[in-house]
Amino acid sequence: MSRPIWVLILLLTTVGCSDPSSSQPEGFAGLGESLDQGAQAQDFAQPGPGDGIQLPRDLGPHPAHRIEWWYLTANLTTEQGTPVGLQWTQFRQALVPRSPSDPPPASENWPLESVWMAHAALSVDGSSQGQHLFSERVARGDIGHAGARAQPFTVWLDDWQLTSKGDGRWHLQVDGGDWSYDLILQTRRPPVRHGEHGFSAKSGSGEGSMYFSYVDLAIAGTITVGGETQKVSGGGWFDREWSSQFLRSDQTGWDWMALRLDSGARVMAFRLREAGGAFSAGTWISPKHEVVPLQSADFELEVEARRKTPRGAVPVSWRLRIPSRQVDLTIRAMPGNFWNEGLYPYWESPVRIDGSHRGRGYLELTGYDEENP
């Protein structure tokens, strides 16, 4: 952890929990219980199709909204040919809404208007069960330990940093203690705006988020595990999302996947599990970068197999069909246990893709445990 344990205790005791029966968003992007300091969801700006997405502005923070995150997944390979999966995410949870034009509170007053959390994971397929390493950091906002800005693009929590190099490349540095990575990221396609002009619906009743992605990153650098440094290279996917109301009270979790097909096509698909079924949507990106929103009627996403884990059985093999694109994929997680065991545990695993297309990607699962398989 980046801060002494008393800081985490202070965050969790000063910031109480809201009524779980309400329709407030849960914790960091719905990962756990809501952090609440009296402000309600209606006090924050609500995203909608008319908001649009402007760059580079929207790479920076959105203090009027309640939750947001910057999120990288990558499928890399060592020089010896060993597959490596990599994740980095930084979350911001606002406790008090603030207009983007308002100056931040004075740091010397030790404000508590936002909480930041960063996650990093490294998955190395070096054995039959693989190796999954995870680290988490938490910090208060507005006192210099964590933050983000659009120009020059920077996201940081202490010494974990994603920074623009000024030439179209980004530099990501993470140190998890006995493991680390140091990477250069290069975007190779324009950003993809999901849903309706970047507004991604997350329920049939209209709640949602603003959501865009860089779906084709070239990545190169090094990973260090147990004192051994190796060069790695490959590709990745970067998500940017913000909202003020994410999971409804009847939604128990989500299943999300970002798929990088060898044909050059890209697919994002998700479902939010809710009473009586699920709400699903996605995006198809052709090799020529044609962006096509997918509604639930446009594709089929089914669980094919589950894996026993210390937290119960989780769905690790999926079948995805997009009939209009002649797509029929089998998506399988690497062998092993890929629970990110942080304050709000969730599953995050690299996947292999077979079927009508081959490729690699990432799978994220939340809301599963022994009582909710």
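All of these numbers come straight from a predicted model, not from anything done at the bench.

Caption draft 1: Inspection of the pattern of salt bridges at higher detail. Counted under the stated rule, the structure contains 20 salt bridges. Across the pair glutamate 68 and arginine 92 runs a salt bridge whose closest N-O atoms are separated by 2.5 Å. In this pair, glutamate 68 sits in strand β3 (residues 67-78) while arginine 92 sits in strand β4 (residues 83-94), placing the two residues 24 residues apart along the sequence. For the residue pair glutamate 68 and arginine 92, the accessibility class agrees, reading buried in each case. Here the residues in one salt-bridge network are Arg188, Arg189, Asp216 and Arg266, joined through shared partners.

Caption draft 2: How the structure looks around the side chain of arginine 307. Topologically, arginine 307 is positioned in strand β20 (residues 300-309). Looking at arginine 307, its side chain comes within polar contact range of the main-chain oxygen of methionine 334, at 2.7 Å. A polar contact is formed between the side chain of arginine 307 and the backbone oxygen of glycine 336, at a distance of 2.8 Å. Residues contacting arginine 307, with those up to four places away along its chain left out, are Gly312, Ala313, Val314, Val316, Ala333, Met334, Pro335, Gly336, Phe338 and Trp347.

Caption draft 3: Representation of the confidence of the model for the protein in the model. Taken as a whole, the protein shows an average pLDDT of 87; of its residues, 87% reach a score of 70 or greater. This model gives residues 1-26 a pLDDT under 50, and the stretch forms 59 contacts once residues within four places in sequence are excluded. Below pLDDT 50 for its whole length, residues 33-37 participates in 28 contacts with residues either more than four positions away or in separate chains.

Procedures and definitions
Residues numbered from 1 in each chain as written. Predicted model: local features only at pLDDT ≥ 70, side-chain atom pairs only at ≥ 80, totals over all residues. Heavy atoms only, no water. Salt bridge = Lys/Arg side-chain N within 4 Å of Asp/Glu carboxyl O. Helix = DSSP H or I, 4+ residues; strand = E, 2+ residues; numbered from the N terminus. Buried < 20%, exposed > 50% of the residue type's maximum accessible area, 1.4 Å probe, protein only. Polar contact = N/O pair within 3.5 Å; in protein donor to acceptor, adjacent residues only side chain to side chain. Contact = heavy atoms within 4.5 Å. pLDDT = per-residue confidence, 0-100.

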